[in-house]
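Each chain is listed here by its residues.
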Amino acid sequence: MWRSSAFLMNFTVVIELAVIVCYIVVLAGGRGSREVGWKVLSPLLALIAVAQLTAMAIVAYLYDHDNRFFIGWELDKSWILCTISWIALLIDATGITSAAFVLVPEDDYEEIPEPR
């Protein structure tokens, strides 16, 4: 179970690198990449959050059932940082998805009214 938890956390680091590349492509790209980029970015963010949450669940199970954790042992700063991380990722994924549906789509130009 320890190896599964370690694999999931290492997997999230690799996917986070892909998210950084995706952010750069979406922000530096043109209109088309912004309109389509959220469809790639949001599922990647959600995948990272689910993987981190699963790794945390494995550690929580091991905390109750493994002999390595003795009485008085506490899950400390890394537990808190992981919790903040997956919550922030879910908020970011939700925000990007909702912005794609709520915000007005970009047009190529705005019509200039003719003077009379």
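Our structure's up above, just so we're on the same page.
Residues numbered from 1 in each chain as written. Predicted model: local features only at pLDDT ≥ 70, side-chain atom pairs only at ≥ 80, totals over all residues. Heavy atoms only, no water.

**Re the side chain of S5**
Argument step 1. Among the structural elements, S5 can be located in helix α1 (residues 2–28).
Argument step 2. The exposure class assigned to S5 is buried, which follows from its relative accessible area of 7%.
Argument step 3. Excluding residues within four positions of it along the chain, S5 makes contact with A55, I58 and V59. (Helix = DSSP H or I, 4+ residues; strand = E, 2+ residues; numbered from the N terminus. Buried < 20%, exposed > 50% of the residue type's maximum accessible area, 1.4 Å probe, protein only. Contact = heavy atoms within 4.5 Å.)

**Some points on the nonpolar core**
Argument step 1. The biggest cluster of nonpolar side chains holds 16 residues, and the ones touching the most others in it are V19, L41, L45, I48, L89 and I96.
Argument step 2. Contributing elements (two or more residues each) for this core: α1, α2 (31–65) and α3 (77–102).
Argument step 3. Here this core gets seven residues from one element, more than from any other, and that element is α2.
Argument step 4. Setting aside anything within four residues of it in sequence, one finds V19 in contact with L41, L44, L45 and I48.
Argument step 5. Membership of the second largest hydrophobic core comes to six residues, among which are L8, A55, I58 and F69. (Core = buried A, V, L, I, M, F, W, Y, C linked by side-chain atoms within 4.5 Å.)

**So, α3**
Residues three or four positions apart in an α-helix share a direction because the helix packs 3.6 residues into each turn.
Argument step 1. Under the 1.5 Å per step criterion, the end-to-end length of α3 is 37 Å for 26 residues, consistent within 8% with the ideal 38 Å.
Argument step 2. For α3, the complete set of buried residues consists of C82, W86, L89, A93 and I96.
Argument step 3. Tucked into the core, α3 has its buried residues touching α1 and α2. (Expected span 1.5 Å × (residues − 1).)

**Some words on the packing of α1 against α3**
Argument step 1. Between α1 and α3, whose axes approach to 14 Å, the crossing angle comes to 35 degrees. Pair α1 / α3 crosses with left-handed handedness. Across the interface between the two elements, M9, E16 and Y23 of α1 pack against C82, S85, L89, D92 and I96 of α3.
Argument step 2. For the contact of α1 with α3, the per-class residue count stands at five nonpolar, one polar and two charged. (Axes fitted to C-alpha atoms, helices over the stretch in contact; angles between N-to-C directions. Left-handed = near helix turned anticlockwise from the far one by under 90°. Nonpolar A, V, L, I, M, F, W, Y, C, P; charged D, E, K, R; others polar.)

**Considering the environment of V40**
Argument step 1. Turning to its location among the elements, V40 is positioned in helix α2.
Argument step 2. Residue V40 is classed as partly exposed on the basis of its relative accessible area of 45%.
Argument step 3. In this structure the C-alpha to C-alpha distance between V40 and V26, which are 14 residues apart in sequence, comes to 9.7 Å.

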